[in-house]
Amino acid sequence: EDYPAAVAAYKKVLVTRNLPLGLKQNVVKTLAQLSVAVADYPAALTYLEKLIKIREEPHPEDHALRAQVLYLLEDTEGALASLDKALRLQRKRGEPPRENWLQLKSALLYQRNDYRGMLAVTNQLIALYPRDRYLLSKAAIHGEMGDTTAQLALMEPLYERGSLDSAGHKVNLASLYLLHGIPYKAGVVLETE
């Protein structure tokens, strides 16, 4: 796990004459990944740009990693553009988007206060990777958009099956019950929890 030494070793391989293209691609990709591991994001971005240029065929993983690096460099727009390209390439392959790619897209859209975009991405997450946390995220997005009816409709079943584990979520549910004129249920939630 001596990343700086590994980077130096891979750089030596990269300057080898007549390096086969496949090996060169693997070395550049590894250098990009190692640069991320040592938090040298500008270097990682440089290696990723080089990798994308030397690929015979575009790889969605390269663009997704580029999006992650741009996110770490706080370039939201660049990260979104790279991630969208990765998602298009993945769709073109006939493969579903990866869960962590959709999570990153949601985080990037959140930074832009694009709740409608977040809702679309969260719906994809729910359809492809059904987890209660995505339903809870969807409820929160509806709350941000002012649709407390949808928020309540999502949170109530999550509570009933024991998926609301934080006190804040339970108080939020009680507040939603009060907001919608259901004080008895609000009282039950508060008393029980």
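Residues numbered from 1 in each chain as written. Predicted model: local features only at pLDDT ≥ 70, side-chain atom pairs only at ≥ 80, totals over all residues. Heavy atoms only, no water.

Engineer: Kindly report on the overall build of the protein chain, identifying the contributing residues and their values.
Structural biologist: Scanning the protein chain for helices and strands turns up eleven helices and zero strands. Of the regular secondary structure in the protein chain, the N- to C-terminal order runs α-α-α-α-α-α-α-α-α-α-α. Relative to the globule expectation of 16 Å for 193 residues, the C-alpha radius of gyration of the protein chain, 22 Å, shows a markedly less compact shape. Seen through its C-alpha atoms, the protein chain measures out along the principal axes to roughly 75 × 35 × 25 Å. (Helix = DSSP H or I, 4+ residues; strand = E, 2+ residues; numbered from the N terminus. Rg over C-alpha atoms; globule rule 2.2 N^0.38 Å.)

Engineer: With reference to specific residues and values, describe the nonpolar core.
Structural biologist: Counting residues in each nonpolar core, the largest one holds 37 residues, and the members touching the most others are Tyr47 and Leu83. Counting residues per element, the ones that place at least two in this core are α1 (3-14), α2 (21-37), α3 (41-54), α4 (60-72), α5 (76-92), α6 (99-111), α7 (115-128) and α8 (132-144). Looking at this core, the element that brings in the most residues is α3, giving seven residues. Here leucine 83 is in contact with His63, Ala67, Trp101, Leu104, Lys105 and Leu108, once residues within four sequence places are set aside. Judged by nonpolar contacts, the second largest core, of 14 residues, contains Leu136, Leu152, Tyr177 and Ala186. (Core = buried A, V, L, I, M, F, W, Y, C linked by side-chain atoms within 4.5 Å. Buried < 20%, exposed > 50% of the residue type's maximum accessible area, 1.4 Å probe, protein only. Contact = heavy atoms within 4.5 Å.)

Engineer: Please provide a residue-by-residue account of the side chain of arginine 55, values included.
Structural biologist: Examined against the element boundaries, arginine 55 turns out to sit in the loop between α3 and α4. Among the residues examined, arginine 55 registers a relative accessible area of 14% and is labelled buried. At a separation of 2.7 Å, a polar atom in the side chain of arginine 55 contacts the side chain of aspartate 62. Once residues lying within four places of it in the same chain are set aside, the contact partners of arginine 55 are Gln25, Lys29 and Asp62. (Polar contact = N/O pair within 3.5 Å; in protein donor to acceptor, adjacent residues only side chain to side chain.)

Engineer: How would you sum up α3? Please name residues and give values.
Structural biologist: Taking 1.5 Å per residue, 14 residues should reach 20 Å; α3 reaches 20 Å between its end C-alpha atoms and fits that length. Considered for burial, the residues of α3 that qualify are Ala43, Ala44, Leu45, Tyr47, Leu48, Leu51 and Ile54. Looking at the packing, one finds that the buried side of α3 touches α1, α2 and α4. (Expected span 1.5 Å × (residues − 1).)

Engineer: So what's going on with the environment of glutamate 99? Which residues, and what values?
Structural biologist: Checked against the element boundaries, glutamate 99 lands in helix α6. Remark: the alpha-carbon pair of glutamate 99 and glutamine 124, spanning 25 residues in sequence, is separated by 9.3 Å. The contact partners of glutamate 99, leaving out residues within four places of it in the chain, are Leu125, Tyr129, Arg131, Arg133 and Tyr134. For glutamate 99, the side chain forms a polar contact with the side chain of arginine 131, separated by 3.0 Å.

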